[in-house]
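Understanding the architecture of this molecule
For reference, the chains in residue letters:
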Amino acid sequence: MMKLPQNPQIAFNYIENKEYSIQPIRWVLKPISVWPVTDSSFADKILSVVLLIACVFLIAGTLVPSALAIFLDETKDIEMKLRDFGPLSNWVLASLKYVSLLMHVGDIYQCIKHIESDWRNVTNLEDQEVMLKNARVGRFIAIFSATFLHTGVFSYGLFRGITLSESAAVGDNVTVRPLPFAFYNNMLNATVSPIYEIVFAIQCLSTFVVNSVTIGTCSLTAVFVMHACGQLKILMTLLDNLINEKNEKNPSQQRFAIIVEHHLKILSFVSHVEKITNIVCLVEIVGCTLHMCLLGYYCILDWHQDEKEGIVAYAIILISVTFNIFIFCYIGEMLSEQCGQVGETAYMTNWHLLPGNTALDLVLIILRSSIVVKITAGKMIELSLSTFGNVIKSALAYLNILRTLMI
């Protein structure tokens, strides 16, 4: 497991496989300056700093005017402010996730180097296929999340712009050029050129940045956790083969050392993943609960107002938000289950055929595996399918309260 194969007929292109595994998160994280540039050129490091400054400016350029419009604009009624609060909360929560990711770029770099090492050390086609299968799942999650979130949010912005334009034309007998999101006009008059074009461009680019942060957190967690699950499956295969088909009673100490080393590497990798994701998962759970509540409320309002286009836009975002939190909870459940199965697999081997010292060493793996590794939200909430059910129930409860108070 620890050395490259000597058989030249078996090709292991670890560089190509590594790229296949991490490519989706590079596509998402590099434009928002979260991708590690430790081994990059000086020009790439300068570009990363420039992108970071641009992303912070774009987020603030939408968040601050929207907040001022909600809290200071007295011309808007409570329903309009509540509609504006949904995007504002998304920007605030995305900012928190963005800061958390920036604080853990070093851990992201360690995880990427760990993935590269695992691909370099693969020694047989069966292990390679296991790793590729898990990499495909990670890629699917990243692509699905990006497609739905970008489609939903930009559809929402387009619908909001069209609705505001028609409302102004009918109510005031004038035609205004609407913005996708709320803007405090007392700060700048965004109804005249070129200020309108500048604000519109800032809001569109800011939307891309915020979407990329949300997609990046989901993709990063999915790719890393799926890779860890693949390594755990390989570890269980090594445990199954600890005593080979010939029922060898004296397996080499090196074979057992490889198993222990591989297990420790997986636990180290998972600890880095937990460090990266525990804050963003907490923000994700809070944000998804809030957004599912608000999106459900918006759908009810549009249903009463016969706004079919709005229902479609909100439904797409709702599906994306629900998918994101489901993925976090599902992969958390999968990781915990895989870690628990390692101890079960170790116990189910023919350990009674092992020499005394080796059998005692195997007990250490069983004991360590009994402490199930978990992905948590803020080290408080375990990510599992039951957590997903609790999020759905909480969102529906808050939606029922909001509907009772506002409709």
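Because the structure is a prediction, the values reported are computed rather than measured. (Residues numbered from 1 in each chain as written. Predicted model: local features only at pLDDT ≥ 70, side-chain atom pairs only at ≥ 80, totals over all residues. Heavy atoms only, no water.)

1. Comments concerning the layout of surface pockets
- The calculated volume of the second largest pocket comes to roughly 300 Å³.
- Considering the residues around the second largest pocket, the lining is formed by 16 residues, among which Arg 26, Trp 35, Pro 36, Asp 39 and Ser 40 are closest to the centre.
- Grouping the constituent residues of the lining of the second largest pocket by class yields six nonpolar, two polar and eight charged. (1 Å grid on protein atoms, 1.4 Å probe; cavity = no way out; pocket = protein on both sides within 12 Å on 5 of 7 lines; lining within 4 Å. Points joined across faces, edges and corners; volume = space filled by probe spheres on them. Nonpolar A, V, L, I, M, F, W, Y, C, P; charged D, E, K, R; others polar.)

2. Things to note about the UniProt feature "transmembrane region" (unreviewed entry) in the protein
- As recorded in UniProt, the sites labelled "transmembrane region" (unreviewed entry) are residues 46–72, 140–159, 198–226, 276–298 and 310–331.
- Split by type, residues 276–298 is 100% helix and 0% strand. Its first and last C-alpha atoms lie 33 Å apart.
- Within the segment residues 310–331, helix and strand shares are 100% and 0% respectively, and the terminal C-alpha atoms sit 32 Å apart. (UniProt positions renumbered as here; feature names shortened; annotations may be inferred. Helix = DSSP H or I, 4+ residues; strand = E, 2+ residues; numbered from the N terminus.)

3. Notes on the packing of helix 1 (residues 14–29) against helix 6 (residues 195–240)
- The interhelical angle for the contact between helix 1 and helix 6, taken along N-to-C directions, is 160°, at an axis separation of 9 Å. Regarding the angle of helix 1 to helix 6, the classification is roughly antiparallel. The two elements helix 1 and helix 6 cross, and the hand of that crossing is left-handed. Mapping the contact onto sequence places Ser 21, Ile 25, Val 28 and Leu 29 in helix 1 and Ser 212, Ile 215, Gly 216, Ser 219, Leu 220, Val 223 and Phe 224 in helix 6.
- Its residues assigned to classes, the contact of helix 1 with helix 6 shows seven nonpolar, four polar and no charged. (Axes fitted to C-alpha atoms, helices over the stretch in contact; angles between N-to-C directions. Parallel < 35°, antiparallel > 145°, perpendicular 65-115°, else oblique. Left-handed = near helix turned anticlockwise from the far one by under 90°. Contact = heavy atoms within 4.5 Å.)

4. With respect to empty space enclosed by the protein
- Applying the stated criterion across every chain yields a total of four cavities of 30 Å³ or more.
- In this structure, the largest cavity encloses a volume near 370 Å³.
- Lining the largest cavity are 24 residues, and of these Gly 86, Asn 90, His 291, Ile 317 and Val 321 sit closest to its centre.
- Mapped by element, the contributors of at least two residues to the lining of the largest cavity are helix 3 (78–103), helix 5 (125–172), helix 6, helix 7 (253–304) and helix 8 (308–348).
- It is helix 7 that contributes the most residues to the lining of the largest cavity, eight residues altogether.
- When grouped by side-chain class, the residues that make up the lining of the largest cavity number 14 nonpolar, eight polar and two charged.
- In terms of lining, the second largest cavity is formed by Ser 21, Trp 119, Met 131, Asn 134, Ala 135, Gly 138, Val 223, Met 226, His 227 and Gly 230.
- Among the elements of the structure, helix 5 and helix 6 are those that each provide at least two residues to the lining of the second largest cavity.
- Class assignment of the residues belonging to the lining of the second largest cavity gives a composition of five nonpolar, five polar and no charged.

5. A short note on a nonpolar patch on the surface
- Taken together, the side chains of Ile 78, Tyr 398, Ile 401, Leu 405 and Met 406 make up a nonpolar region of the molecular surface, amounting to roughly 540 Å² of accessible area.
- The element that contributes the greatest number of residues to the nonpolar patch is helix 10 (residues 385–406), accounting for four residues.
- Along the chain, Leu 405 falls in helix 10. (Patch = residues over 30% accessible without salt bridge, like charges linked within 9 Å, V, L, I, M, F, W, Y side chains within 5 Å. Areas by Shrake-Rupley, 256 points an atom, 1.4 Å probe, with all protein chains shown as cover. Salt bridge = Lys/Arg side-chain N within 4 Å of Asp/Glu carboxyl O.)

6. Some details on the packing of aromatic side chains
- Tallied over the entire structure, the rule returns nine aromatic pairs.
- A ring pair is formed by Phe 144 and Phe 323, whose centres lie 4.3 Å apart and whose planes are at 50°; its orientation type is tilted. Residue Phe 144 is located in helix 5, and its partner Phe 323 is located in helix 8; the two are separated by 179 residues in the primary sequence.
- For Phe 144, a relative accessible area of 24% corresponds to the partly exposed category. (Phe/Tyr/Trp six-rings, centres within 6.5 Å; stacked < 30°, edge-to-face > 60°. Buried < 20%, exposed > 50% of the residue type's maximum accessible area, 1.4 Å probe, protein only.)

7. Structural notes on the side chain of His 114
- Note on placement: His 114 falls in helix 4 (residues 105–121).
- By relative accessible area, which is 14% here, His 114 ends up buried.
- Filtering out sequence-adjacent residues up to four positions away, His 114 remains in contact with Lys 265 and Phe 269.

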